[in-house]
Amino acid sequence: MNAAVGAAVESRSSPLATLGRLVRRNVWTLGLLVILALLLVATKIIQPSYGPAGIQGLAISVLPLALAAAAQTSAVLARGIDLSIGSMMALTSVVSARLMDDQTEGFAILVVAGVLILGLVIGAVNGALVVFTRVPDIVVTLAMLFVWAGAALLVLNTPGGGSAKWLSDLTRGPLFTDWLPQAAVLLVAVVAVIWIPIRRSRLGLSIYAVGSDPLAAFRSGVSVTRTKIFSYMLAGLFSAIGGLALTATTGIGTPVPGPYTLMSVAAVVLGGVSLAGGRGGIFGPVIAVIILSLLRTDMTFLNVDTNLATVAQGLILVGVVMVGSLIQMRRER
Amino acid sequence: MTRGTTQHLLDASGVSKRYGAVVALKSASLRVLPGEVHALMGANGAGKSTLVKILTGAVRPDEGVIEVRGTQRRSHSPAEARRAGLVSVYQEPALIPDLDIDSNLRLTGTPINPFRDWVNQLGLDALDLTRMAREVPLASLRIIDLARALAIEPDVLMLDEMTAALPANLSERVLDVINGMRGGDRSIVFISHRMIEIASVCDRATVLREGETVGVVDMDDVDAEDRIVELMLGEIAEELSDNGVRKGAPERGSDGGPRIEVRGLAASERLRDVSFELYPGEVLGVIALEGQGQDELFDILSGSIRPVDGQVLVDGKKVSFRHPADAIQEGIVFVPADRAEALLMQRPVRDNIALPFSVRLRRWGPIRRSTEKPKVDKAIDRLQIEMRAQGEVRFLSGGNQQKVTIARWLAGGVQTMLCFDPTRGIDIRTKHQIYPLLRELAAAGAAILLYTSELSEIELACDRAIVIFGGEVVAEIDAADADEGTLLRAAHNLKSDALLPEEIVASAHSGGSASEDPGEVDG
Amino acid sequence: MSGVADATTTTRPSWMTASGIRTLVREHPMVPLVGLLALLVALSEVIRPGIVSPNWAGVLLRGAVPLAILAACQTITMLTAGIDLSVGAVASMSGFLVATLVGDTGLVLAIVIALAVSALVGLVNGIGAGVFKVHPLIMTLGMSLVVLGLANVWQVMRVQTGSGVPTEFRQLGANLFFGFIPVNLLLFVPLALLVIFTLNRTGFGRLLYAIGDNPVASRLSGAKSWQVLAVLYLISGVLAGIAGFLFSGLTNTASVTLADSALLPSVAAAVIGGTSIFGGRGTYSGTIIGALILTVISSILSSLGYPEAVRQILFGSMIVFVAAAYTRITTD
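What you see is a predicted model; the values in this text were computed from it and never measured. (Residues numbered from 1 in each chain as written. Chains lettered and ligands numbered in written order. Predicted model: local features only at pLDDT ≥ 70, side-chain atom pairs only at ≥ 80, totals over all residues. Heavy atoms only, no water.)

**Student:** Go over the interface of chain B and chain A with me, naming the residues and quoting the values.
**Tutor:** Facing 34 residues of chain B, the contacting portion of chain A comprises 28 residues. Carbon and sulfur atoms make up 58% of the area that chain B and chain A hide from each other, which totals about 2,600 Å². On the chain B side of the contact with chain A, B:Leu107, B:Asn120 and B:Thr130 bury the most area, a combined 22% of that side's loss. Notably, a salt bridge pairs B:Asp98 with A:Arg279, separated by 3.1 Å at the nearest N-O pair. Here chain B and chain A share five residue pairs in polar contact (both at pLDDT 80 or more) between them. No other element matches helix H4 (residues 112–121) of chain B, which puts four residues into the side of chain B that touches chain A. Considered class by class, the residues forming the side of chain B that touches chain A number 15 nonpolar, six polar and 13 charged. (Contact = heavy atoms within 4.5 Å. Buried area = accessible area lost by both parts, 1.4 Å probe. Salt bridge = Lys/Arg side-chain N within 4 Å of Asp/Glu carboxyl O. Polar contact = N/O pair within 3.5 Å; in protein donor to acceptor, adjacent residues only side chain to side chain. Helix = DSSP H or I, 4+ residues; strand = E, 2+ residues; numbered from the N terminus. Nonpolar A, V, L, I, M, F, W, Y, C, P; charged D, E, K, R; others polar.)

Encoded structure:
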């Protein structure tokens with residue numbers, strides 16, 4: 001047709017425009033970073049002695065939570081939800097602790113590899129059940145929450161086992177400077193190494209596509225079945241890393257699931273990932289977890305009953321979801 | 001109809017599909033020659049979309065053989081069908097709302113340069129590939145979807161109601177492009193309700209009725225259109241079509257003012273400025289092409305959404321509905337086109353009809369059967385709802401289901417009823433039960449607003465009709481003068497002596513463009 | 001019009017065909033459920049000959065009753081395509097509240113306070129789910145955190161006062177008339193009849209099914225779902241509170257996590273009893289049989305000496321399996 005129209009389709013734009021778009025698309029994550037910075041300042045004011053040791057402790061306590069959040073994000077982005085994350089972490093943790101107990105450091109490498117595969121497998125079981133039974137994700141994973149927790153109890157009836165020294169060392173101590181905990185570096189490295197290549201690939205696009213509009217995704221030639229199973233496998237993988245992190249940081253395996261499932265849902269919502277799927281990224285929830293942990297730390301500094309901190313977390317979860325859906329309703333009107 | 005030795009590009013035969021007890025396709029066949037634009041036609045529910053879904057791998061057939069270029073294909077997913085050379089563009093654009101256009105293209109592995117060429121040819125200006133699909137207007141999305149399909153050069157491209165809801169300038173371009181494909185190596189299967197479009201771009205038409213292929217018509221034949229209509233309707237049409245229901249002139253309630261008065265109503269981008277009056281005792285028809293604001297109008301009147309501007313007066317009193325319950329309180333009830341929006345599919349007929357009796361807080365207590373049952377029975381009787389199967393509503397036929405949605409309101413007594421295309425996709429016998437019913441209700445003093453996508457219904461059931469175009473009322477026509485030609489012209493916002501759209505289409509080929517742009521397509 | 005096919009014609013008796021079985025399960029879900037229950041009872045007798053006795057039945061029934069009440073919460077909320085995961089925390093809290101208050105306030109006032117708090121929690125759930133459209137799962141899970149936290153705070157505050165489960169609760173929750181009729185049936189039978197009546201014969205019950213079946217259609221028919229959900233979750237909270245009394249009486253303990261372990265079985269009982277998690281389908285009588293089935297399975301497992309872990313795995317698998325089976329049967 002004519003040349004004027006021919007030039008109109010643009011895919012490349014100026015760097016400034018690209019930056020602007022990046023900011024616009026990640027405005028929630030950037031907002032969370034600002035909140036985190038403010039909170040760190042507030043912590044320093046409340047507790048002037050807060051320093052490298054505090055950051056260190058924070059990073060270690062955040063590590064498993066953040067991995068749980070990453071796991072939940074994988075499932076939620078594809079319009080799923082995984083309530084079994086806590087017990088998958090418990091299962092992988094006790095398996096690793098039991099296998100590594102009194103074994104050589106070298107054998108532990110095999111154990112770590114095996115546990116990662118275990119994570120992929122149990123995630124695949126969750127995903128396959130969701131896809132092939134056509135039972136809602138919530139119900140399947142709620143049931144699997146108990147199945148995996150039961151399995152964990154069969155592996156280790158009481159907390160026990162051990163962790164390889166090199167694995168524990170990975171999560172302890174600072175790197176380069178006192179202010180940079182190794183656990184934080186590990187977290188960022190793990191999430192980035194797994195997530196970024198996937199996000200860039202067609203598989204990552206498929207996850208967003210299935211979460212955003214399953215019918216359109218199907219019609220675009222995406223296999224909804226495979227994509228969903230994959231997203232649950234990813235959730236299983238992150239949970240397994242979380243389980244290893246639990247073993248590494250505590251030195252033992254605990255068969256009773258911690259509060260990780262609930263925290264991961266809260267983190268996902270706080271982290272700007274839509275529970276309806278398709279929107280958000282993995283770093284938002286990770287930052288949200290740090291914020292939630294820091295809030296808890298601050299409350300102890302302020303001598304607030306830790307039980308009230310639980311109440312606060314519940315209220316924050318409910319409050320954020322409520323506000324989120326209010327915004328959604330406004331937008332639809 | 002096979003033309004000697006010419007090999008078919010697509011040859012599907014004996015295709016059947018049933019969903020539980022419902023037969024969607026009995027024995028459908030579709031044979032498409034290389035280089036032809038082939039229309040697939042049939043009344044609503046005839047099985048067109050099921051056939052397309054089967055051909056593009058979205059649905060698995062129970063039986064049937066599908067051959068592409070002489071090789072049998074079995075596609076279990078759209079991805080496989082795509083590899084076999086079969087691609088469809090659906091009414092709902094298959095773009096992922098939360099991905100930008102560029103990612104959408106990558107997702108489907110669409111080559112970018114051909115895509116751009118097609119977008120340009122289709123006349124979509126200034127497309128920013130970094131925009132999220134959700135931010136792009138619907139009309140543009142459909143064009144993008146089409147360009148994306150064209151770019152991968154499928155053997156057979158299936159277009160499902162492609163031009164519906166497209167502004168005139170874009171649909172002309174689309175028809176141009178389709179025309180340009182004729183005589184090549186590839187083919188297009190074109191699904192549309194618009195006979196004029198079919199006549200202008202298609203070579204042949206396959207007609208489906210009740211899940212069966214009932215005939216193939218050569219569009220060059222002189223009486224092609226009549227034959228298609230004949231095939232689509234079958235014998236029942238002849239039997240009933242002259243049996244008009246409306247008798248005599250409309251009797252407008254002489255005593256008083258309008259039941260509903262609408263003044264300058266506006267909502268969203270589609271409904272801009274609509275005013276009219278609806279009187280007790282009349283059936284007022286509403287005619288509009290798809291997406292001219294009629295959906296929003298009915299949603300406002302039924303209390304589902306709130307207007308941005310304008311007023312609604314009921315019996316001269318200004319009202320503002322915040323919930324459908326408020327409209328029902330004012331005696332305004334709504335029969336939607338989509339029965340999936342109206343029915344409790346897993347509940348029995350009686351529960352469906354009795355539902356409105358229980359919605360108010362003070363009726364939450366024990367159900368008073370003695371007062372409820374007679375009303376429900378009477379409504380079932382009056383609509384002759386099939387009650388042999390006492391089970392769930394989802395096992396009823398489409399016609400019976402629609403009767404249940406109407407019966408629900410009859411049971412409580414009707415003052416004002418809003419019917420949005422109530423006969424869509426139901427059998428012709430039920431249709432001819434619904435028209436007299438509407439007349440009876442009106443005769444008993446009810447006010448009825450009837451939007452219909454079938455122009456012939458205006459003459460059959462209405463007293464007068466208003467025509468909405470571009471979000472405004474552009475004409476009011478007495479039912480006595482409402483022959484389909486007049487209505488069609490009015491619906492396109494054409495003067496009665498103006499060209500019909502087919503002539504516009506024809507003139508588009510010679511470079512001219514007649515009509516203005518009613519939609520809003522920004523890029 | 002023959003566009004819609006007539007029902008499958010068959011010469012065999014209808015119950016022998018696959019579609020016949022589907023119809024049977026769909027129309028009369030109680031038949032296979034009661035059959036399964038009978039089978040499990042027979043299995044108990046096979047495993048431990050002589051074990052099935054009036055006393056055995058009474059003890060099982062006694063244990064099934066509080067579970068069945070918690071499962072009522074799941075049944076009524078699932079009918080609207082919701083779920084109430086706060087019932088474990090609410091039941092624990094309510095039993096604990098009465099045990100810690102009864103010394104100061106007397107039994108009646110303690111019960112009233114406990115039920116009022118339960119109702120309040122339920123109302124908050126209902127407002128969250130109904131008005132703010134938060135997914136009930138998230139809403140109730142969040143509230144269970146809040147309830148647990150607050151109960152812990154209360155525990156710390158009352159640690160000096162001490163607590164004791166009132167005798168009345170122990171008699172109600174643990175005693176058996178003539179050694180085989182659980183006293184808690186005195187409470188349960190009227191309660192169950194009330195639930196069944198409400199679901200089948202009242203406008204409110206009709207709305208529950210309607211909203212779960214098709215929220216859009218219900219809205220267009222004038223139903224205000226937020227009102228229904230607010231009341232529904234409030235009722236669910238009260239039922240959980242009542243169940244908490246029976247749990248504390250049965251075990252003679254007052255703990256803020258007492259009923260937590262009953263949460264999964266309560267969901268399982270409703271699902272196994274034929275209530276659809278998608279909403280619009282289910283009966284409370286089915287749920288009661290579901291609770292009995294789970295209780296019998298538990299007793300079989302413990303008589304075989306399996307640990308708690310196996311019970312968890314089995315119940316979890318059963319939920320998935322049964323829900324999948326119902327999905328197959330009721331769709332298509």
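**Student:** Any details on the packing of aromatic side chains? Residues and values, ideally.
**Tutor:** Residue and element names in this part refer to chain B. For the structure on display, the rule yields seven aromatic pairs over all chains. Geometrically, the ring pair formed by Phe 298 and Phe 420 is edge-to-face, given 5.1 Å between the ring centres and 80 degrees between the ring planes. With Phe 298 in helix H9 (residues 294–301) and Phe 420 in strand E17 (residues 416–420), the pair connects residues that are 122 residues apart, well separated along the chain. Assessed through its relative accessible area of 1%, Phe 298 is described here as buried. Centre to centre, the rings of Phe 420 and Tyr 451 are 4.5 Å apart; their planes meet at 25 degrees, and the pair counts as stacked. Of this pair, Phe 420 sits in strand E17 while Tyr 451 sits in strand E18 (residues 447–451); the two residues are 31 residues apart in sequence, bridging distant segments of the chain. Phe 420 sits in the buried class, given a relative accessible area of 10%. On the basis of relative accessibility, which here comes to 4%, the residue Tyr 451 falls in the buried class. (Phe/Tyr/Trp six-rings, centres within 6.5 Å; stacked < 30°, edge-to-face > 60°. Buried < 20%, exposed > 50% of the residue type's maximum accessible area, 1.4 Å probe, protein only.)

**Student:** Can you break down the confidence of the model for chain C residue by residue, with the values?
**Tutor:** Residue and element names in this part refer to chain C. Of all residues in chain C, 90% attain a pLDDT of 70 or more, and the chain-wide mean is 88. When pLDDT is averaged over each element of chain C, helix H5 (residues 107–130) comes out on top at 96 and helix H1 (residues 18–27) at the bottom at 68. Segment residues 1–11 is flagged for pLDDT under 50; beyond a separation of four residues in sequence, or across chains, it makes 12 contacts in the model. (pLDDT = per-residue confidence, 0-100.)

**Student:** Give me the lowdown on the packing of helix H7 (residues 167–174) of chain C against helix H11 (residues 225–251) of chain C, citing residues and values where you can.
**Tutor:** All names here are of chain C. Running from N to C, H7 and H11 cross one another at 90 degrees; their axes reach a closest spacing of 7 Å. When the axes of H7 and H11 are compared, the pair comes out roughly perpendicular. Two secondary-structure elements touch here, H7 through Phe 169, Arg 170, Leu 172, Gly 173 and Ala 174 and H11 through Phe 245, Leu 246, Ser 248, Gly 249 and Leu 250. (Axes fitted to C-alpha atoms, helices over the stretch in contact; angles between N-to-C directions. Parallel < 35°, antiparallel > 145°, perpendicular 65-115°, else oblique.)

**Student:** Account for the pairing of E18(B), with residues named and values stated.
**Tutor:** All names here are of chain B. For E18, the tally of buried residues reaches five of five residues, placing the bulk of the element in the interior. Residue alternation in E18 divides its side chains into two sets, Ala 447, Leu 449 and Tyr 451 and Ile 448 and Leu 450, and both sets are buried. Alignment of E17 against E18, held across five bridges, turns out to be parallel. Residue Thr 416 lies in a different strand from E18, and its bridge partner there is Ala 447. (Pairing = 2+ DSSP bridges.)

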